[in-house]
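This is what each chain is made of:
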Amino acid sequence: MPPASDPTHARPDAAPAAHQAARPEAPADATGRRTSDAVVVVHRSGPLQGEVVVPGAKNSVLKLMAATLLADGTHTLRNVPDIADVGIMSDLLAAIGVTTTSPAPGELILQHSGDLVPVAPYDLVERIRASINVLGPLLGRFGQVRLSLPGGDDFGSRPIDMHLSGLEAMGATITLEHGDVVAFADRLHGADITFEFPSVGATENILTAAVHAKGTTVIDNAAREPEIADLCTMLVSMGAEIEGIGTSRLVVHGVEPGSLRATEHETVPDRIQAATYLAAAAVTGGELFLRGARADHMDMLLRRFVDMGLEIVPQHDGITVHAPERMRSIDVATLPYPGIATDYKPLIVTMLAVADGVGIVTENLYPGRFRYVEELCRLGADIRTDGHHAVVRGRPALSGAPVRAPDIRAGAALVIAGLVADGTTTISGVHHIDRGYDDLVGRLRSVGASIERRPAR
Ligand code: EPU
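On a predicted model such as this, the values are computed, not experimentally measured, just so you know.

Draft legend 1. Region of interest: the site of the ligand. Contacts to the ligand come from 23 residues, most closely from Lys-63, Asp-161, Met-162, Ser-199 and Asp-343. Contact distances for the ligand include 2.9 Å between an oxygen atom and a side-chain N or O atom of Lys-58. A distance of 2.8 Å separates an oxygen atom of the ligand from a polar backbone atom of Val-200. Considering the ligand on its own, with 820 Å² of exposed area, one finds that the protein chains cover 89% of that surface. Where the shell around the ligand is concerned, the elements lending two or more residues are helix 1 (58-67), helix 5 (161-169), helix 6 (200-210) and helix 12 (408-418). Residues belonging to the shell around the ligand are distributed by class as follows: nine nonpolar, six polar and eight charged. Per-domain counts for the shell around the ligand show at least three residues from each of domain 1 (39-52 + 269-455) and domain 2 (57-266).

Draft legend 2. Molecular detail of the domain arrangement of the chain. By the assigned domains, the chain splits into domain 1 (39-52 + 269-455) and domain 2 (57-266). When each unit is reduced to the centre of its C-alpha atoms, the spacing between domain 1 and domain 2 is 30 Å. Opposite the 23 residues of domain 1 that make contact, domain 2 presents 20 residues. Taking both sides of the interface into account, the surface hidden between domain 1 and domain 2 amounts to around 1900 Å²; carbon and sulfur atoms contribute 53%. Where domain 1 meets domain 2, there are two salt bridges. Salt-bridge contacts for Arg-271 lead to Glu-227; the nearest nitrogen and oxygen are separated by 2.8 Å. Between the two partners, domain 1 and domain 2, sit six residue pairs in polar contact (both at pLDDT 80 or more). Elements that contribute at least two residues to the side of domain 1 that touches domain 2 include exactly helix 12 and helix 13 (430-436).

Draft legend 3. Layout of unusual backbone geometry. Cis geometry marks the peptide bond from Tyr-337 to Pro-338, where omega comes out at 10°. Its location among the elements puts Pro-338 in the loop between strand 18 (332-333) and helix 10 (345-353). Despite not being glycine, His-178 has its phi angle at roughly 50°, a positive value. Looking at the secondary structure, you find His-178 in the loop between strand 8 (173-177) and strand 9 (180-184). The backbone of Asp-439 shows a phi angle near 55°, a positive value even though the residue is not glycine.

About the criteria used
Residues numbered from 1 in each chain as written. Predicted model: local features only at pLDDT ≥ 70, side-chain atom pairs only at ≥ 80, totals over all residues. Heavy atoms only, no water. Near = heavy atom within 4 Å. Polar contact = N/O pair within 3.5 Å; in protein donor to acceptor, adjacent residues only side chain to side chain. Areas by Shrake-Rupley, 256 points an atom, 1.4 Å probe, with all protein chains shown as cover. Helix = DSSP H or I, 4+ residues; strand = E, 2+ residues; numbered from the N terminus. Nonpolar A, V, L, I, M, F, W, Y, C, P; charged D, E, K, R; others polar. Domains from an automatic or database assignment. Contact = heavy atoms within 4.5 Å. Buried area = accessible area lost by both parts, 1.4 Å probe. Salt bridge = Lys/Arg side-chain N within 4 Å of Asp/Glu carboxyl O.

And the structure:
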């Protein structure tokens with residue numbers, strides 16, 4: 001095993017960043033506003049028609065990038081979306097000692113020789129939640145890591161207690177020092193871990209720590225998202241031994257540290273971006289083919305869209321959607337996979353805002369995730385929230401206005417709302433959308449939306 005540096009002292013000569021960040025975030029001024037941000041201008045659009053290629057999943061690729069820390073050499077990731085978060089994750093990995101290059105669109109090469117600095121500093125961790133995914137690989141492989149504790153975000157507090165207690169059950173000693181999580185373990189050992197809740201991030205961190213642990217780790221009530229199965233598939237191709245992929249009981253037989261090898265892997269398509277284009281077709285009464293979308297990853301959502309009156313035809317290479325002139329309202333509750341993902345919710349609320357009838361939406365993951373509702377109400381939506389419920393009374397159309405994207409998914413939902421709003425809708429805070437959407441504006445315009453991106457004045 002290559003020597004690890006002292007995690008309390010970041011090496012000043014860490015490998016240089018050679019990555020090409022997708023669209024790096026603009027600097028923020030004292031109020032948090034991005035100073036060189038763009039706006040998206042949307043006009044009411046007729047039925048969208050045509051084909052959209054669905055990019056790779058943000059919430060998979062960022063974890064795949066972190067998993068490359070587990071083996072030296074040259075890793076190749078394909079179907080990598082052109083999103084800002086890939087650039088931020090590349091910056092974090094560069095600080096740790098991984099060189100990232102993008103020789104062709106959709107392809108990312110990550111290289112290192114194992115001489116890594118197991119430190120994730122605050123300025124990078126606070127920019128991207130997925131930075132906590134370096135915890136499991138670095139601790140499992142090098143026996144030490146210092147990671148700045150991530151804070152909450154726009155939709156509430158996001159603790160990592162399950163990540164930490166799982167690692168402690170595997171023999172890690174963890175302390176909190178000056179805002180950092182500092183973890184040590186001579187070598188982690190296998191453990192039986194049962195999550196109170198199927199946390200995506202905790203499942204990923206325990207998985208990537210367990211691949212190098214001594215003995216067998218069993219994770220019960222593991223998260224089952226397709227992005228976790230994608231991570232497992234990549235880990236297996238690196239030489240990890242994992243049973244139960246895609247189920248809520250993952251069994252990981254640890255291999256000797258240093259025995260995993262670099263790999264090539266294709267990222268799963270992004271089900272949240274796919275749902276965004278479904279929503280765009282739905283509110284405009286359009287018909288789209290979503291090339292690459294996986295209906296089997298979106299089963300519950302597609303069933304509910306059928307309940308709303310959409311015609312959905314799963315195909316071997318994508319999904320066709322045909323929307324009625326006006327959708328019917330439904331009630332929806334968010335749940336861990338295979339339930340309706342919380343990340344779909346702003347899109348569903350937007351669809352209900354123009355559907356026929358009244359729909360009740362219940363949020364079971366992030367109670368604070370209704371901030372964007374005020375922005376939708378500025379567009380004329382009739383939505384009342386009470387705790388983790390929203391009551392949405394559908395209207396035939398919305399009314400364009402300036403609005404601000406509070407986070408990635410809500411930002412995309414405001415764009416979709418603009419397609420069915422009379423007049424002009426101008427969305428600011430576009431850097432949020434850029435974090436998770438690969439050319440949302442270009443893709444929507446290519447199927448007939450009246451939409452453009454402009455520099456903010
Ligand atoms: N939770 C705890 N303790 C923990 C871990 C989680 O209390 O140790 C709670 C969280 O506070 C939250 C719930 O469990 O209430 C779900 O958290 P989870 O760990 O499952 O989510 P995550 O890994 O932090 C990922 C996605 C989110 C997505 C959620 C749920 C990434 C980078 N993020 O977050 O995606 O909403 O799973 O599906 O994969 C987004 O892409 O915009 C986004 C926010």
